[in-house]
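# Geometric and topological summary
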Amino acid sequence: MPFEFCLYRADDTVTPADLRWQWSMPMERMEILGAVPPHDTDHRPTVGDYFSAVVAFLDGPARKPLLGALAHRQKPSATLNPFPVRITLEKHGALYHPARVEIATQSETAAFAVNVALSDPGAAALRREYHTLARLGAKTTRTYLPAVYALADHKTARWPMFMAQWLDGYHEFHLSQRPDHTLGIKLWRPSGPSFLSPVQAVELYRQAAYVLTRFYDPFSFKQIFPWHMAAGDFVVGVRSQTLNLRMITARAYQPLIDGTPANSFHAILEGLLDFFLHMTLRLRLDRLDGTGPLVWAPACALEGAVVGFFEAVGRLAVEDPRLEDLPLAIAYALSRLSPSQFEERLAAICTAWAPATTETSFLVSRLKAHANNLGEVLSPFFIDKSTR
């Protein structure tokens, strides 16, 4: 199976004869950001080591699943040998160094992702993420998450790695500063970045809240967690101004705070309240252009988030008769909370989620305004506004 290797772009080919083949792989955040040069390079994996390991993975543990994935794309006679395989080292992340693997067949080019963990923390996260994606992928017929195909650990590969679906036509997005100095959502397309319209931005947050809530388990309190807008955990495709949002990862599926499963409807309701409030905080939190200082999404993000949340709770109630009263119950429970009660609950959630981190003070200073924003956005959903 012939291979071609590229660095960061499909048109930037690198070979073993290239000096860049011997470049050390960045391993720490400041190195990844380019703020400091790599240190201790004599003991670091090189770009060539990385590509060689991915080749061994594709030729070994991933070969059969890869052929199966190609056949599933309606190519029952697909074979790897006659076709060139292009491996592009896409970027360096805090935990993984993802590659895009492109295989040209008779009718199209099929793309897959290979996530490679070079560090011990990355290896532990990678195994957990693979099994989480596999479990959640079987939980729904909707394609909110990428499919996973093969996993290799230290027994079968130089470094742990897994192969997953590459989401063609989907792009990362982050809060960015518009020319008028307001914040907007910038979509990072290969053809060049562009801002979503305000209406599209609200729709994006609606879909994000819907997906997260659809995977929430009201009985065990399990949810996709951790996740972060700044990490690029969501991607979006845009066709004819229509948005389609997906998650590219699910690092774990666990309760936000350890506890016993719900044993009453009241416990289910309290858990859902905390899930909702926590989600609204995280949806608004990003880093400028993905890697810059912490930034806070405008309150219009909540307009979409609230709609998506209620839509998903409605679906949960349809799918499980035990939850048929949940949509009305959660709306009523939210209607009874005053701004000060919102703020109190948000503060408790914030402390539990981000104790002693740089994000804590950033969030705490915004809780009062966030609580007021929530009350304003939620008001149209309340059945009896006189209760407020």
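Residues numbered from 1 in each chain as written. Predicted model: local features only at pLDDT ≥ 70, side-chain atom pairs only at ≥ 80, totals over all residues. Heavy atoms only, no water.

## Comments concerning the overall build of the protein
Put simply, the rule reads: Secondary structure elements follow DSSP: runs of H or I no shorter than four residues count as helices, runs of E no shorter than two count as strands, and numbering proceeds from the N terminus. Restricting the calculation to C-alpha atoms gives the radius of gyration, and the globule rule supplies 2.2 Å times the number of residues raised to the power 0.38. For every residue, the accessible area obtained with a 1.4 Å probe (protein chains only) is divided by the maximum for its type, and the residue is called buried under 20%, exposed over 50%, and partly exposed between those limits. Any two residues having at least one pair of non-hydrogen atoms within 4.5 Å are treated as being in contact. Residue burial considers only the protein chains on display, and all accessible areas are found by Shrake-Rupley using a 1.4 Å probe. Positive charges are assigned to Lys and Arg, negative charges to Asp and Glu, while His and the chain termini are left out of the count. Where a charge lies is defined by one atom per residue type: Lys uses NZ, Arg uses CZ, Asp uses CG and Glu uses CD.
Looking only at helices and strands, the protein features 11 helices and 15 strands. In terms of overall size, the protein behaves like a compact globule, its C-alpha atoms giving a radius of gyration of 22 Å where 388 residues would be expected to give roughly 21 Å. Over its C-alpha atoms, taken along the principal directions, the protein stretches across nearly 75 × 45 × 45 Å. Per-residue burial over the protein gives 51% buried out of 388 residues. The contacts in the protein between residues at least 6 apart in sequence include a share of 65% that link residues at least 24 apart. Roughly 18,200 Å² of accessible area belongs to the protein as shown, and the carbon and sulfur atoms make up 55% of that amount. Taking the average place of the 38 positive charges on the side chains of the protein and the average place of its 38 negative ones, the gap between the two points comes to 3 Å.

## Some remarks on empty space enclosed by the protein
Stated formally: Using protein atoms alone on a 1 Å grid, points that fit a 1.4 Å probe yet trap it form a cavity, whereas open point sets bounded by protein on both sides within 12 Å along at least five of seven lines form a pocket; residues with an atom within 4 Å of a point count as lining. Grid points are joined across faces, edges and corners, and a volume is the space filled by probe spheres set on the points. Only Asp, Glu, Lys and Arg are considered charged, only Ala, Val, Leu, Ile, Met, Phe, Trp, Tyr, Cys and Pro nonpolar, and every remaining residue, Gly among them, polar.
In the structure shown here, the tally under the stated rule is 1 cavity of 30 Å³ or more. Taken as a whole, the largest cavity spans an internal volume of roughly 40 Å³. Looking at the largest cavity, the residues that line it are P26, M27, G93, A94, L95, H97, L118 and S119. Here the residues of the lining of the largest cavity are counted per class, giving 5 nonpolar, 3 polar and no charged.

## Re the layout of surface pockets
Each pocket or cavity is described by its volume, and for the second largest pocket that value is around 270 Å³. Grouping the constituent residues of the lining of the second largest pocket by class yields 8 nonpolar, 1 polar and 5 charged.

## Digging into the environment of I248
With respect to the helices, strands and loops of the structure, I248 is situated in the loop between strand 12 (242-247) and strand 13 (253-255). In this structure I248 comes out as partly exposed when scored by relative accessible area, which is 35%. Each C-alpha atom, one on I248 and one on H97, is 14 Å from the other, the two residues being 151 residues apart in sequence. Apart from residues lying up to four places away in sequence, I248 is in contact with E129, P146, L167, G232, D233 and V235.

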